[in-house]
Each structure stands twice: as C-alpha cells, then as structure tokens.
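Residue-level structural notes
The primary structure of each chain is shown beneath.
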Amino acid sequence: MDPTELLSYLAEGLVDDPEQVEVERFEERDGTVILELAVGVDDYGKVIGRGGRTAHALRTVVKAAATGEGQRVLLDIVD
C-alpha cells in the first residue's frame with residue numbers, strides 16, 4: 001500500500017471528522033518523501049496522542065510501509 005494512502009486511511013480512523021483529513025505529498029531532491037498531515041482543529045489531540053505516542057506510531061507504520069517500497073518518508077503533522 002502506498003504510504004500516502006496508508007496515512008490517510010489510518011488518520012481517518014482516528015479522528016471524529018474524517019472528511020477534514022488531508023495528506024499532502026512532497027518529494028525532495030534526494031528522493032525523500034515528506035507527507036504533511038492536516039486534520040480538523042478538534043482532532044489534533046487524537047492524532048498526536050498522549051505524550052506523542054499516536055504520532056510516533058503513525059510515523060513508524062508509514063516508514064515501514066515506505067521501506068517496503070524502497071522510499072524514505074518523513075511525516076509532519078501541520079495545522
């Protein structure tokens with residue numbers, strides 16, 4: 001599964017308003033893919049989690065999916 005689609009799927013499952021989930025993909029010159037995740041204002045706490053645990057888990061799963069495709073991926077959670 002594409003890391004962008006995977007991140008979108010996981011984030012939509014975590015939040016109360018899945019229609020506000022947006023994932024933007026940017027590619028750096030060195031081939032690194034940056035995924036920017038934006039959610040509704042009331043849902044940032046759910047995506048970040050207590051102590052950042054949920055955000056860390058999302059980053060781990062997305063990186064693992066990207067490694068299977070030979071990519072390097074970074075995840076940013078933006079407002």
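For the structure itself, look to the data block above.
Every chain is numbered independently, its residues counted from 1 as its sequence is written. Local features in this predicted model are restricted to residues of pLDDT 70 or higher, and side-chain atom pairs are both shown and tallied only at a pLDDT of 80 or more, whereas totals for entire chains, interfaces and linings draw on every residue. Only hydrogens and water are set aside; all other atoms, that is, all heavy atoms of the structure, feed into the side-chain values.

**Quick notes on the pairing of strand β1 (residues 22-27)**
Looking at chain direction, β1 and strand β2 (residues 33-38) are connected through 6 bridges and run antiparallel. In the strand pairing of β2, Arg25 is matched with Leu35. Note: two strands are recorded as paired if DSSP finds a minimum of 2 bridges between them. Counting from the N terminus, the helices are DSSP H or I runs at least four residues long and the strands are E runs at least two residues long. Between β1 and the antiparallel strand that follows it, β2, lie 5 residues; Gly31 among them carries a positive phi value of about 95°.

**A few points about the environment of Ser8**
Here Ser8 shows up in helix α1 (residues 3-14). Whether two residues are in contact is decided by their heavy atoms: any pair within 4.5 Å suffices. Not counting residues up to four positions away in its chain, the partners in contact with Ser8 are Val21 and Val23.

**Remarks on the pairing of β2**
Counting buried residues in β2 gives 5 out of 6 residues, a clear majority hidden from the surface. Two strands pair when backbone bridges link them, and β2 and strand β3 (residues 73-77) are joined in this way by 5 bridges, in the parallel orientation. Residue Leu37 lies in a different strand from β3, and its bridge partner there is Ile77. Remark: exposure states derive from per-residue accessible area (1.4 Å probe, protein chains only) relative to the maximum for the residue type, with buried under 20%, exposed over 50%, and partly exposed in between.

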